[in-house]
Amino acid sequence: MNTLIIGATGGIGAATARALAAQGDTLTLSGRNEATLTALVAELGAAHHAADVGYESHVRSLLEGLEPLDTLIYAAGAALPEPLKDADPGHVRAVWNANYFGALWVLKHGLGRLNPGARVYLIGAKPELVTARGFSQYAASKAALARAAEIARLETRGTDITLVLPPAVDTALWAQVGRVPRGAVTPDAVAQAIAADRAGPAQTELIL
C-alpha cells in the first residue's frame, strides 16, 4: 500500500510508520524534526518530504508530488499548554497550525489523491481528557478537527475518514505539563490499533 504519514517524527507517527512498514507499505514520511526524520527514513527505507503544515503551499506541494495514496495519516500535533490569561500569539498559532490548519490543508489537497477504498486517519483527542487548565487551544483545535472531519465525510461521500481517539498516550507532549497521566498507553498501542483497523470495515471513529 502507498502510505503517507504527516507528523512522522512524533511518537504516534513514528510508531505507526514502523507498524505499517512491517506490513509492507510503501511509505512517504513528513515531519518537523529533521534529525529524527532522517534516522527514521534510513531505518525503514522510506521516502520523505519536508513540509511546514502551517503553510497550504507546502502541503499542496507535498501531496502533488506523490502517487495516489491508499492510506493517509495525519499525526502532527502540538499542545504548548498555558493559561488563557497568558496566551502567547505564537504558541496559539503553532497549536492551531499543527492540530487543525495542517489537517485542513491535507484534507483539501489530499482527498482527491486517494485510490478507491483508501483510508484517512486523523489523530484526535477525547474531550474529557483535554478539558483541563492550560489546554484551551489544544482542546479547541482538536474539537475543530473533529467537526471538520465530519463535514469532510458529508462532502466526499464514499471517502473513509477515521478520527482516532486514544486515551492519553505516553509521548513527549506530556513533558510540557510535567508528567504522563496514569493509564497512558504507548504510541505502539495506537499504531497497532490503526494497522488492525485498516484491515477491517471502515468506521468514523477508532476509540482505543
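Here, every reference points to the structure presented above.
Caption draft 1: Focus on the environment of Q203. As for its placement among the helices and strands, Q203 is situated in the loop between α7 (187-198) and β7 (205-207). By relative accessible area, Q203 is classed as partly exposed at 36%. Separated by 84 residues in sequence, Q203 and R119 place their C-alpha atoms 9.8 Å apart. Each residue touching Q203, except ones within four places of it in the same chain, is listed here: I161, T162 and D197. A distance of 2.4 Å separates the side chain of Q203 from the side chain of D197, its partner in a polar contact.

Caption draft 2: Region of the structure containing the nonpolar core. Residues L4, Y74, V120, L122 and I161 are the most contacted members of the largest nonpolar core, which totals 28 residues. When contributions to this core are tallied by element, the ones reaching two or more residues are β1 (2-6), α3 (56-64), β4 (69-74), α4 (89-110), β5 (114-123), α6 (136-155) and β6 (160-165). Contact partners of L4, with chain neighbours within four places excluded, come to T28, L62, L63, L66, L69, T71, L72 and I73. In terms of nonpolar packing, the next biggest core, distinct from the first, is built from 23 residues, A8, I73, A75 and V169 among them.

Caption draft 3: Empty space enclosed by the protein, seen in detail. In the structure shown here, the tally under the stated rule is one cavity of 30 Å³ or more. The computed volume of the largest cavity comes to approximately 60 Å³. As for the largest cavity, its lining consists of 15 residues, of which L80, E82, G134, S136 and Q137 are closest to the centre. Contributions of two or more residues to the lining of the largest cavity are made by α4 and α6. Tallied by class, residues from the lining of the largest cavity come to 10 nonpolar, four polar and one charged.

Procedures and definitions
Residues numbered from 1 in each chain as written. Predicted model: local features only at pLDDT ≥ 70, side-chain atom pairs only at ≥ 80, totals over all residues. Heavy atoms only, no water. Helix = DSSP H or I, 4+ residues; strand = E, 2+ residues; numbered from the N terminus. Buried < 20%, exposed > 50% of the residue type's maximum accessible area, 1.4 Å probe, protein only. Contact = heavy atoms within 4.5 Å. Polar contact = N/O pair within 3.5 Å; in protein donor to acceptor, adjacent residues only side chain to side chain. Core = buried A, V, L, I, M, F, W, Y, C linked by side-chain atoms within 4.5 Å. 1 Å grid on protein atoms, 1.4 Å probe; cavity = no way out; pocket = protein on both sides within 12 Å on 5 of 7 lines; lining within 4 Å. Points joined across faces, edges and corners; volume = space filled by probe spheres on them. Nonpolar A, V, L, I, M, F, W, Y, C, P; charged D, E, K, R; others polar.

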